[in-house]
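One letter stands for each residue in the lines below.
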Amino acid sequence: MKLHGYFRSSAAFRVRIALNLKKLDYESVSVHLRRGDQRNREFRGVNPQGLVPALEDREQNLIQSLPIIEYLDETFPEPPLLPRDAAGRARVRALAAIVACDIHPLNNLRVLRYLHRTLGHDEAALAGWYNHWIADGFDAIEALLAADARTDRYCHGDAPGLADIALVPQVVNAERYRLDLAPYPTITRIFETCMTLDAFAAAHPQRQPDFEP
């Protein structure tokens, strides 16, 4: 099994967590987005979309983090990353999709290119833009989690799952851009619980071989 990813990519971070939770061995291949590795012909052969992550397994190529994680969950069912009941699975999938798609401001490279054309290399302006979208999304997720009795130690119940895997990298992004997390006590509690688990901690960008400060 081979995972193509970038150490700072939230989507690759998610897949690393899932692989670790499943205790699966995999080869990590760096696709350094700042250097433009995603445009290399070799990587385009794995993922023509040019995004990370991409997972090679059993002579097939899989792309997009949430489908990859669901594939891993179906192929290697223990420990489960989705609830057993249909309503629970729907809730967890919805939470994960909100976090992965609506909160993360850089869900495709075209958005990033547009931002850099508009804002240039003004890092403060970029950070302000990121924080606006992260905070707006966190407001919604905090309200959904805090109001639902099915949120326990994790987003759904007492075991880590797909929604937690999606949420943790976004909290790391928020910390990176110094977003105030005080208004999000439920999110913060879930994040801190997850980070006590080695599967989450080992997937952190700073613990990857291609990490650059």
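Using the criterion set out here, one finds eight salt bridges in the structure. For Arg58, the salt bridge goes to Asp57, with nearest N and O atoms at 3.5 Å. The exposure class assigned to Asp57 is buried, which follows from its relative accessible area of 7%. One salt bridge in this structure joins Asp198 and Arg207, with 3.8 Å as the shortest N-O distance. As far as the burial class goes, Asp198 and Arg207 line up, both exposed. Here the salt bridges share partners, and the residues they tie into one network are Arg91, Asp148 and Arg150.

Where strand S3 (residues 54-57) lies against strand S4 (residues 60-63), four bridges are found, and the strand directions are antiparallel. Of the residues in S4, the one forming a bridge with Leu55 is Leu62. Here S3 folds back onto S4, and the loop between the two strands holds two residues, one of which, Arg58, carries a positive phi near 55°.

In this structure, strand S1 (residues 2-5) lies alongside strand S2 (residues 27-30), joined through four bridges in parallel fashion. When the bridges of S2 are listed, Leu3 appears paired with Ser28.

As a further point, take the packing of helix H1 (residues 10-21) against helix H7 (residues 162-176). Remark: H1 packs on H7, axes separated minimally by 9 Å, with the N-to-C direction vectors making an angle of 130°. Judged by the angle between their axes, H1 and H7 are oblique. Crossing geometry of H1 relative to H7 is assigned as right-handed. In contact with Ser10, Phe13, Arg14, Ile17, Ala18 and Leu21 of H1, H7 contributes Ile165, Ala166, Val168, Pro169, Gln170, Val172 and Asn173. Counted by class, the contact of H1 with H7 contains nine nonpolar, three polar and one charged residues.

What follows concerns the sheet that holds S3. Spatially, the four strands line up as an open sheet ordered S2-S1-S3-S4, and their pairing is mixed. Each end of this open sheet is capped by a strand with a single partner; those strands are S2 and S4. Within this sheet the neighbouring strands show an average axis-to-axis angle of 20°, counted without direction.

Before going further, it helps to examine unusual backbone geometry. With an omega of 5°, the peptide bond between Val52 and Pro53 qualifies as cis. The omega angle of the peptide bond from Glu78 to Pro79 is -10°, so this bond is cis rather than trans. Take Pro79: it is sitting in the loop between helix H3 (65-75) and helix H4 (86-103). Here the phi dihedral of Arg58 falls at roughly 55°; this positive angle occurs in a residue that is not glycine.

The next point concerns the nonpolar core. In terms of nonpolar packing, the biggest core is built from 50 residues, with Leu72, Phe138 and Leu167 touching the most fellow members. For this core, the elements supplying multiple residues, two or more each, are H1, H3, H4, helix H6 (123-146), H7, helix H8 (185-194) and helix H9 (198-201). Considering each element in turn, this core owes the most residues, nine residues, to H7. Judged by nonpolar contacts, the second largest core, of seven residues, contains Tyr6, Phe43, Val52 and Ala54.

Calculation criteria
- Residues numbered from 1 in each chain as written.
- Predicted model: local features only at pLDDT ≥ 70, side-chain atom pairs only at ≥ 80, totals over all residues.
- Heavy atoms only, no water.
- Salt bridge = Lys/Arg side-chain N within 4 Å of Asp/Glu carboxyl O.
- Buried < 20%, exposed > 50% of the residue type's maximum accessible area, 1.4 Å probe, protein only.
- Pairing = 2+ DSSP bridges.
- Helix = DSSP H or I, 4+ residues; strand = E, 2+ residues; numbered from the N terminus.
- Axes fitted to C-alpha atoms, helices over the stretch in contact; angles between N-to-C directions.
- Parallel < 35°, antiparallel > 145°, perpendicular 65-115°, else oblique.
- Left-handed = near helix turned anticlockwise from the far one by under 90°.
- Contact = heavy atoms within 4.5 Å.
- Nonpolar A, V, L, I, M, F, W, Y, C, P; charged D, E, K, R; others polar.
- Core = buried A, V, L, I, M, F, W, Y, C linked by side-chain atoms within 4.5 Å.

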